[in-house]
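Examination of the molecular architecture
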Amino acid sequence: MTDEGYTKFHCQWIQAPPIQANLIEKLNRSRQRLYRAGLIGYYPDLKLSYGNLSVRAAESCEFLITGTQTGSMQSLSGDHYTWVTGYDIDANNITCRGPIQASSETLTHAAIYELDEAFRAVVHAHDKFLWNRLRHAVPTTRDDVFYGTPDMARELRRIYLETDLRQRRLAVMGGHDAGLISLGANIAEAAERLLKEL
């Protein structure tokens, strides 16, 4: 996991005030459950955080996502979220607005939102036991496709078209050690889809 946690896209970050508390209340509730279950957290040996979550804005292509390297924090405030206001997967670019830069998995979240209007929330978590158990039992990306890249975005499209990802709403990232993705119509549903596998 030598490249874990590193942002692989070009980020145009527009610094802005903290996100309003009412916009992150449901996100934080689900994140607490994921954090307590160890699906979001910190690798002390690598000094890297893992796990992130996002929700799509009601009537736009923007989405609210946890900031980079926030997985280690037990609880988050408006200082730890940012709005993704634009992205170009092929150009490997994102634009975000908020008090912190977006998570290293932002392109993955963007790619998922492009796939289907039914996907309104995304959880990216880590669990080696689940990763081993679910690998190839649920939609799984190829082992040679790495996180946070345009290739991962394209690979997610492939498994969406070729597997039952829309129904399962759960995927394993084959080339991202311990990496899992769950999807939902809201953040509680996306979190529960993963938690019930524990």
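Residues numbered from 1 in each chain as written. Predicted model: local features only at pLDDT ≥ 70, side-chain atom pairs only at ≥ 80, totals over all residues. Heavy atoms only, no water.

Taken as a whole, this structure holds four aromatic pairs when the rule is applied. Ring centres 5.1 Å apart and planes at 55° place the aromatic pair F63 and Y113 in the tilted group. One end of the pair, F63, is in strand β5 (residues 63–66); the other, Y113, is in helix α2 (residues 106–115), with 50 residues separating them in the sequence. Assessed through its relative accessible area of 0%, F63 is described here as buried. Judged by relative accessible area, which is 5%, Y113 ranks as buried. Among the aromatic residues, those joined into a cluster by ring pairs are F63, Y87 and Y113. (Phe/Tyr/Trp six-rings, centres within 6.5 Å; stacked < 30°, edge-to-face > 60°. Helix = DSSP H or I, 4+ residues; strand = E, 2+ residues; numbered from the N terminus. Buried < 20%, exposed > 50% of the residue type's maximum accessible area, 1.4 Å probe, protein only.)

Gaps left between atoms are located by rolling a probe of water-molecule size over the structure's atoms. With the rule as written, the count across this model stands at two cavities of 30 Å³ or more. In this structure, the second largest cavity spans a volume of roughly 30 Å³. Lining the second largest cavity, in full, are I112, L115, F119, L156, L165, A171, I181 and L183. For the lining of the second largest cavity, the per-class residue count stands at eight nonpolar, no polar and no charged. (1 Å grid on protein atoms, 1.4 Å probe; cavity = no way out; pocket = protein on both sides within 12 Å on 5 of 7 lines; lining within 4 Å. Points joined across faces, edges and corners; volume = space filled by probe spheres on them. Nonpolar A, V, L, I, M, F, W, Y, C, P; charged D, E, K, R; others polar.)

Judged by pairing direction, the sheet is mixed, and its eight strands sit side by side in the order β1-β7-β6-β5-β4-β8-β10-β9 without closing on themselves. Each end of this open sheet is capped by a strand with a single partner; those strands are β1 (10–15) and β9 (170–172). Put simply, the sheet's adjacent strands are angled 25° from each other on average, direction ignored. Pairing of β5 with strand β6 (residues 81–88) involves four bridges; the strand directions are antiparallel. Among the inter-strand pairings, I65 is bridged to a residue of β6, identified as T82. Seen against the sheet, helix α6 (residues 187–195) touches β4 (52–56), β8 (121–126), β9 and β10 (179–184) and runs at an angle of roughly 140° to β10. (Pairing = 2+ DSSP bridges. Axes fitted to C-alpha atoms, helices over the stretch in contact; angles between N-to-C directions. Contact = heavy atoms within 4.5 Å.)

On to the pattern of salt bridges, then. One pass over the full model with this rule turns up 17 salt bridges. A salt bridge links R142 to E155, with the shortest nitrogen-to-oxygen separation between them at 2.9 Å. With a gap of 13 residues between them, R142 in the loop between α3 (128–134) and α4 (150–162) and E155 in helix α4 connect regions that are remote in the sequence. For E155, a relative accessible area of 2% gives the class buried. Three or more residues joined by partner-sharing salt bridges are found here, namely R142, D144, E155, R158 and E162. (Salt bridge = Lys/Arg side-chain N within 4 Å of Asp/Glu carboxyl O.)

Another aspect to go through is α6. Along α6, the residues that are buried comprise I187, A190, A191, R193, L194 and L195. The opening residue of α6 is N186, an N-cap whose side-chain oxygen sits 3.2 Å from the backbone nitrogen of A188. (Polar contact = N/O pair within 3.5 Å; in protein donor to acceptor, adjacent residues only side chain to side chain.)

Here the focus is α2. For the α-helix, the turn length of 3.6 residues means that residues three or four positions removed from each other point alike. Most of α2 is tucked away, with nine of its ten residues classed as buried. Within α2, burial applies to T106, L107, T108, H109, A110, A111, I112, Y113 and L115.

Turning to the layout of surface pockets, a few remarks are in order. Of the voids in this model, the largest pocket is the one considered here, and its volume is about 250 Å³. Lining the largest pocket we find 14 residues, and of these L23, K26, L27, V55 and R56 sit closest to its centre. Broken down by secondary-structure element, the contributors of at least two residues to the lining of the largest pocket are α1 (21–36) and β4. Across the lining of the largest pocket, the residue classes break down as nine nonpolar, two polar and three charged.

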